[in-house]
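In case you want the letters, here they are:
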Amino acid sequence: MNWPAKFLVLALAAVCPATIRAGVRLPALFSNGMVLQQGSAARVWGWADDGEQVKITFRGHEWATVARNGKWMVALDNLAPGGPDTLTVSGKNSVVVEDVLVGEVWLCSGQSNMGFDLQRAADAQPDIDAATNAMIRLLVVPRLKAEHPMDDIKLAWKHCTPREAGNFSAVGYYFGRDLQKARGVPVGLIQSSWGGSPIESWMDPKTIASTESAPRPWHPSELFNGMIAPLIPFGIKGAAWYQGEANVGLGRALPYHLRLSDMINSWRQDWGLGNFPFLIVQIAPFKPIKEQPAESPEAELREAQSLVAKELPAVGLVVTTDVGDPATIHPTKKRPVGQRLALEARALAYGEKITFSGPLFHSMETDGSKMILSFDGTGSGLAAGGEKLAGFAVSGSNRKFVYANAQIQGDKVVVSSPAVPHPVAVRYAWADCPVANLENREGLPAVPFRTDHFAFRKDPRKP
């Protein structure tokens, strides 16, 4: 071989060694310090020469497969929680992944309130100082917009330390911390979020056409392609979703309702794990308080979120009406949000018999000028988060709502107003930034609701 040709071969080997020396390769998702999902099949996959024999070794057990079209995958069934252990993948070469835990893996996704890091959260410094926990591992997906679904991106798992926790999602950290303490097993948290992102960008290309609109400079599926697709089909227990502010607007709640439902269904299909638990965080109050009840795009979007939780299986809802901030779209009170996510997960995903949500409107009856409301999720009893119940409004047949008096009577709430002698409808926490304080004695706030359908909009997908 002459010198120029030899130099060319060496240069190519340096630039693209995977091409020159093909062999077994894993996605970056499988890095030292990772967490595999316990119980259900934990998928391990990667690339190799077509027809290459691939062997996976973990905890003294072996799995074997053959690469087809340059790809391979195995499912490690019924893994028990614990570790750390070593995962070895062998073919023409070997890849070793050290310090592997088995436990509960949760995806934490959405926009800026999910991405809001712990070091900026209210009263977080003691939590950051105490964040060292070898049983919690953190993975941050880099922000990436992509035209087509990616199969690998640059990332790495990290141990939970004050430094790593401080830069991680505050909501995600508090969720994982409480979940790990309650379940007593390792927890892996994957943060995949982007501030200001609309739901359309997180939907897969099969579910939302590229020609459909998304809020300006965003495009359908670009964040799914760059920040969700590379995670599929990694084994997860479920997902926590905090997003919606970017989709607020009059008349936009119904499309959001449909798209959130479609996104959840499509993610579940993409992962192939059945109806895995999906936990929705309602958007928090963030606009100046209005003196009179009025149409509210924020309230409509919260309603869309609660309807999805009601309609789809294994979907939970976290209420944030008591932790918002009228001055900012980014409230700093993140600890209660993460704690409530953990309660939802413990009940929904793990079947714990605990009080996990606040009062949820069940039914209404009329008694003269009074409306008598019944609720589910009352826990050990209804309570007012203050001296007097606030946040209730009533209307007559003229559809004009006025704030009303409300009193707890046993397990019911009685609502009335002298301005509305013949009430027909009740709304609760129906405002951009509601002042509302109905809760149960466990301190979990009631879900905002309305009993009317005055602003009902027809499903555009039905004739």
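Quick look at the structure, then. Here the structure is a predicted model, which means the values were calculated and not measured.

About the criteria used
Residues numbered from 1 in each chain as written. Predicted model: local features only at pLDDT ≥ 70, side-chain atom pairs only at ≥ 80, totals over all residues. Heavy atoms only, no water. Salt bridge = Lys/Arg side-chain N within 4 Å of Asp/Glu carboxyl O. Helix = DSSP H or I, 4+ residues; strand = E, 2+ residues; numbered from the N terminus. Phe/Tyr/Trp six-rings, centres within 6.5 Å; stacked < 30°, edge-to-face > 60°. Buried < 20%, exposed > 50% of the residue type's maximum accessible area, 1.4 Å probe, protein only. Lys NZ or Arg CZ within 6 Å of the ring centre and 35° of its normal. Expected span 1.5 Å × (residues − 1). Polar contact = N/O pair within 3.5 Å; in protein donor to acceptor, adjacent residues only side chain to side chain. Pairing = 2+ DSSP bridges.

It is worth spelling out the pattern of salt bridges at this point. The full count for this structure, using the stated rule, is 19 salt bridges. Residues arginine 137 and aspartate 99 are paired through a salt bridge, measuring 3.3 Å at the closest nitrogen-oxygen approach. Of this pair, arginine 137 sits in strand S8 (residues 133–140) while aspartate 99 sits in strand S7 (residues 94–110), and the two are 38 residues apart along the sequence. Residues glutamate 352 and arginine 346 are paired through a salt bridge, measuring 2.8 Å at the closest nitrogen-oxygen approach. One connected set of salt bridges, linked through shared partners, spans Asp127, Arg177, Asp178 and Arg335.

As a further point, take the packing of aromatic side chains. All told, the structure shown has 17 aromatic pairs when counted by the stated rule. Relative to tryptophan 267, the ring of tryptophan 241 lies with its centre 5.8 Å away and its plane at 85 degrees, an arrangement referred to as edge-to-face. One end of the pair, tryptophan 241, is in strand S11 (residues 238–242); the other, tryptophan 267, is in helix H8 (residues 253–271), with 26 residues separating them in the sequence. For the pair tryptophan 241 and tryptophan 267, one class covers both residues: buried. One aromatic cluster in this structure is built from Trp202, Trp241, Trp267, Trp271, Phe276 and Phe278. Sitting over the ring of tryptophan 194, arginine 143 keeps its end group 4.5 Å from the ring centre. Between arginine 268 and the ring centre of phenylalanine 276, over which it is positioned, the NZ or CZ distance is 5.9 Å.

Okay, helix H6 (residues 170–183) next. If you check H6, its first and last C-alpha atoms are 20 Å apart, about what 14 residues at 1.5 Å a residue would give, namely 20 Å. Those residues of H6 lying buried are Ala170, Val171, Gly172, Tyr173, Tyr174, Phe175, Gly176, Leu179 and Gln180. Put simply, serine 169 is the residue that caps the front of H6, since its side-chain oxygen is 3.5 Å from the backbone nitrogen of valine 171. Where H6 terminates, the next one or two residues include glycine 184, which has phi positive at roughly 70 degrees.

This brings us to the sheet that holds strand S18 (residues 401–403). If you walk across this open sheet you meet the four strands as S18-S17-S21-S23, and the pairing is antiparallel. The open sheet is flanked by S18 and strand S23 (449–450), the only strands paired with a single partner.

We now examine unusual backbone geometry. Here the amide bond leading from glycine 83 into proline 84 is cis, since omega sits at 10 degrees, within 30 degrees of zero. Looking at the element boundaries, proline 84 is found in strand S6 (residues 82–90). Cis peptide bonds are those with omega within 30 degrees of zero, and the linkage from isoleucine 232 to proline 233 qualifies with 10 degrees. Tracing the backbone shows proline 233 in the loop between helix H7 (222–228) and S11. Within the chain, aspartate 123 stands out as a residue other than glycine whose phi angle is a positive 55 degrees. Tracing the backbone through its elements, the reader meets aspartate 123 in the loop between helix H3 (112–115) and helix H4 (125–129). Owing to a relative accessible area of 63%, aspartate 123 belongs among the exposed residues under this scheme. Located in the positive-phi region is alanine 429, a residue other than glycine, with phi close to 55 degrees. By the secondary structure assignment, alanine 429 is in the loop between strand S21 (425–428) and strand S22 (438–440). Judged by its relative accessible area of 1%, alanine 429 falls in the buried class.

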